[in-house]
Amino acid sequence: MAPYIGTAVSRVDGVAKVTGAAKYAAEFSAPGLLYASIVSATITKGRITRIDTSAALAVEGVLTVLTHENRPRMADKDEAYKDEVAPDGSPFRPLYDDKIKFNGQPIALVVAERSEIARFAASLVVVEYGAAAYVTDVFRRREAAVPVKAPANPSEALFAPPKPRGDADRALAAAAVRHEGEYYVPIEHHNPMELYAATAIVDPDGKLTVYDKTQGVQNIQHYLCGVFGLKSDDVKVMNPYMGGGFGSGLRPQFEVVLAVLAARALQRSVRVVLTRQQMYALGYRPAMIQRIALGANRDGTLDAISHDAITVTSQYEDFYRQETAWSGLLYTSANAKYAHRLAHLDLATSCDMRAPSAATAVYALEAAMDELAVALKLDPLELRLRCYSDRDQHEDRPYSSKALRECYRQGAEAFGWSRRNPEPRSMREGTDLVGWGMATGVWDAFQAPITVRIVLTANGHAEVACATSDIGTGTYTIMAQVAADMLGLPLDNISIKLGDSSLPQSPVEGGSWIAASVSNGIATTAARIRNELLRLAKQMPGSPLADVGSDDVALADGKLVSKRDSSRAVSIADAMRQGAVERIEQEETTNPAQDEKRAHNTHSAIFAEVKIDEQLGVIRVTRVVSAIAAGRILNTKTATSQILGGVVWGIGMALHEETQIDHTFGRIVNANIAEYHVPVHADIHDIKVIFVDEPDDSNPLGIKGLGEIGIVGVAAAVANAVYHATGKRVRDLPISLDKLLA
Amino acid sequence: MQQRNQPAGRADGASGTVSVNLTVNGTRHSLTLDPRTSLLDLLREHLDLTGSKKGCDHGQCGACTVLLDGRRVVSCLTLAVMQDGANVTTVEGLAKDGHLHPLQQAFIDHDAFQCGYCTPGQLCSGVALIAEGHAKTADEIRELMSGNICRCGAYTNILAAIQQAMRQS
Ligand code: FES
Ligand code: FES
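Criteria and cut-off values
- Residues numbered from 1 in each chain as written.
- Chains lettered and ligands numbered in written order.
- Predicted model: local features only at pLDDT ≥ 70, side-chain atom pairs only at ≥ 80, totals over all residues.
- Heavy atoms only, no water.
- Helix = DSSP H or I, 4+ residues; strand = E, 2+ residues; numbered from the N terminus.
- Buried < 20%, exposed > 50% of the residue type's maximum accessible area, 1.4 Å probe, protein only.
- Contact = heavy atoms within 4.5 Å.
- Pairing = 2+ DSSP bridges.
- Axes fitted to C-alpha atoms, helices over the stretch in contact; angles between N-to-C directions.
- Polar contact = N/O pair within 3.5 Å; in protein donor to acceptor, adjacent residues only side chain to side chain.
- Buried area = accessible area lost by both parts, 1.4 Å probe.
- Salt bridge = Lys/Arg side-chain N within 4 Å of Asp/Glu carboxyl O.
- Domains from an automatic or database assignment.

Undergrad: Describe the environment of T214 of chain A, naming the residues involved and giving the relevant values.
TA: Residues and elements named next belong to chain A. Locating T214 in the fold gives a position in the loop between β11 (208–212) and α6 (217–228). Here T214 falls in the buried class, since its relative accessible area comes to 1%. Sequence-wise, T214 and G499 are 285 residues apart; in three dimensions their C-alpha atoms are separated by 9.1 Å. The residues contacting T214, other than those within four sequence positions of it, are I220, N239, M242, G249 and S469.

Here it is in structure tokens:
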């Protein structure tokens, strides 16, 4: 049987998704289900002085209107609200008290027999406010921004700011060629297609089953237990499918608190669905002001890097990521300094969004490198090669693998980079200016502790269970592939259970760590199953495996086979018959090896072509080549999709995406999917994805993860192409045509 | 400062209930509805046909696209009461006799989705687009599919899937 790992297996949940059978959080029902509609604050900061729900309550079919005045009891301590990935600070508590912390904050929940009634009645809630002064503009808080502190949450410790090296100021002053620039990326919202929703079902025994849109069912389950003082078997959280997360579902969102509040208040099952507009009151990618200074020698080697970042968070939590460290993973430079400050604004807390920090910081770095290449009169790709780093500059350690040179080579060749005329505005096609740009991407290769249970039955079927999520990433499919290979069974004989908090432990699904974590977890548990089968097989009279050690046997084609002599084999069915067992169940936790001696990263090289109408400034990204080095690729089909998606996001970041706030009112003015622009079909043309061979021994299967690396560097490649086409450098994203024509 | 969005009319804000007859995926249904019910909510909440998705409820994303008498419409902007006697096909009605529609199979073959949430809308839109016969080139397909947003960014694969199904039709 040929292995499944590394092949283009179609998604095992494909049929469910193309027939409409796959069910998402708002699609589970229960007898007597109630529908709830959220009332959102219309001021940005202050207090609720009066809230009158009488008109809403008078509507036929309305059961209750919950506010801070009449809600059921919730925890009083911050600790109860701190989830697995909470930053430092005091988490937001929905309907907790009269304080308004951000515009669009939920302040009441109308619960009714039908959604139409709830929505109408929500419009009748009368609220009076005492408004306070607020600031939502990062440029107005620029001077007041404070240096980030090392985080207290141990799982956030890796985001501590990097240490300086050498004397960057002196090296910059002495540099033969210098480039310094300021780059800006605005607030962006994830906008997954599925609306945030939670259906809280009160089971006949009074326990709760909560279907929630989340990237971590166990994170939500722990959180609900803390907030509502529940015992862990009082509540189960499920999300068999998630209509996109991109980081927005890592932390608990308010829909789940509200659904459970209402279910507890009424002892009835309740569904809460946010409107698209209300989803703009969830987390967002923090706006980022960056100053980058690069000092180079004439030969194109770097001597100094300075990276300053200001990012945005709320007044009540310090969310940030390691914004400034990425250059130290890409380029050699003896001198470097970093500064990262936080601007506290009257907004909800910012949060992780696809490749948090890297997507924005590498944009700035790679746009700055392009400008340095111009200053040096050097090909931008050649500059990258001259600065190439074989060691992580922060810790002065090697990489577990770094096939970035190969990405540059294969990507450039596929794109035809050598035919580029370096002169801006030199390439044309009809009335279009043509521009070619390139950039580099980098992300971390993480692995987290995880527990996997496998139940093998005598008919050669196996059920693999873990409380992870498939948020569109293909987790169901890669889990099935890995299990099929490790157990020597056909793919169709594997069933995957995930998205259920009662399954074995999993971290939240994010940061690109699940593929490596769960795959190696399956391998560990599968080895236990194999050992148990071997134990049984050895008991058979005249067993052909009597003297075979556990490391010398593999599972293949439904049999235990000696690795040295494939004629010595015992079928799974025979071994289980020998032991008179119908099923073998094993559950095992895999703790990844802590290898601090090497850096673990994924890399990419992106090449982009733009065509720009010279008169109108309309920009089309006509070609992108993304060459990726990310260890072993489990499934070439779903992996390609991950990268394609990342490239589309990068194009959106470069050209379309921006959450616009009217700072006079502190309110988002484009809080809908028509005026918040994301790429649509017509914006996306040819994208070629190349996976570069990259053996890596950081974990037994050599997996690094792919969810983030696809977006990193893409916005810079596009921006650099726009410069090459037009000779105009736009440093604040998105590059809209008005900026180009200005 | 006071917030009050609109004055109350009738106590429940609705004007009684209305009855609607329509055929969905070949099955006739007679329903008594709140007149505010959208076709999308009728499908999802009254018939438990949750294949049609709600991504905005404002006609902006295409996730709710269904075929109404063969035409593609955004069902969130279609009031159910105005479709008395109509014939509706949703994603659940595309497969026939246990066989996937060629476009459904093409979506699987080309991995034309990730999270799957835009997929029912993309499929209904794509089926109608092929039937309309206006789109011949890749750029024309892109243009005429642009009402269906895919935040996962599966566009190039959706295009390939539609082209495959077009060749087969
Ligand atoms: S839900 Fe109908 S267009 Fe978005
Ligand atoms: S597949 Fe997720 S939005 Fe299209």
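Moving on, there is more to tell.
Undergrad: Could you give an account of the sheet that holds strand β20 (residues 427–429) of chain A, with specific residues and numbers?
TA: All names here are of chain A. Read from one edge to the other, the open sheet built from five strands follows the order β20-β21-β29-β30-β33, with strand pairing classed as mixed. Each end of this open sheet is capped by a strand with a single partner; those strands are β20 and β33 (686–691). The average angle at which neighbouring strand axes cross in this sheet is 25°, direction not considered. In this sheet, strand β29 (residues 601–613) lies alongside strand β21 (residues 432–444) in antiparallel orientation, the contact comprising 13 bridges. Bridging across to β29, W436 finds its partner in E609. Strands in contact with helix α15 (residues 636–655) are β30 (619–629) and β33; relative to β33, the strand with the most contacts, it is inclined by about 130°.

Undergrad: Describe the side chain of D352 of chain A, with residues and values.
TA: Residue and element names in this part refer to chain A. With respect to the helices and strands, the residue D352 is situated in the loop between β17 (335–344) and α9 (358–376). Side chain to side chain, D352 and R321 meet in a polar contact 2.7 Å long. Sequence-distant contacts of D352, that is, excluding residues within four places in its chain, are made with H190, F246, G247, S248, L250, F319 and R321.

Undergrad: Any details on the interface of chain B and chain A? Residues and values, ideally.
TA: Between chain B and chain A, the residue contacts involve 61 residues of the former and 76 residues of the latter. In this assembly, chain B packs against chain A so that about 5,500 Å² is buried in total across both faces, 55% of it on carbon and sulfur atoms. Inspection of the region where chain B meets chain A yields seven salt bridges. Between E27 of chain A and R44 of chain B there is a salt bridge, and its shortest N-O distance comes to 2.8 Å. Here chain B is connected to chain A by 27 residue pairs in polar contact (both at pLDDT 80 or more). Looking at the side of chain B that touches chain A, the elements with two or more residues in it are β1 (2–3), α1 (39–46), α2 (102–110), α3 (119–132), α4 (138–144) and α5 (155–168) of chain B.

Undergrad: Now, about the domain arrangement of chain B: what can you tell me, with residues and values included?
TA: Residues and elements named next belong to chain B. Structurally, chain B comprises domain 1 (11–93) and domain 2 (102–168). Look at where the C-alpha atoms of domain 1 and domain 2 centre, and you get two points 23 Å apart. Each partner contributes to the interface: domain 1 provides 17 residues, whereas domain 2 provides 16 residues. Across the interface of domain 1 and domain 2, roughly 1,200 Å² is buried in total on both sides, 56% from carbon and sulfur atoms. Linking domain 1 with domain 2 are one salt bridge. Notably, a salt bridge pairs R72 with E132, separated by 2.9 Å at the nearest N-O pair. Taken together, domain 1 and domain 2 are joined by eight residue pairs in polar contact (both at pLDDT 80 or more). Here the side of domain 1 that touches domain 2 gets three residues from one element, more than from any other, and that element is strand β4 (residues 65–68).

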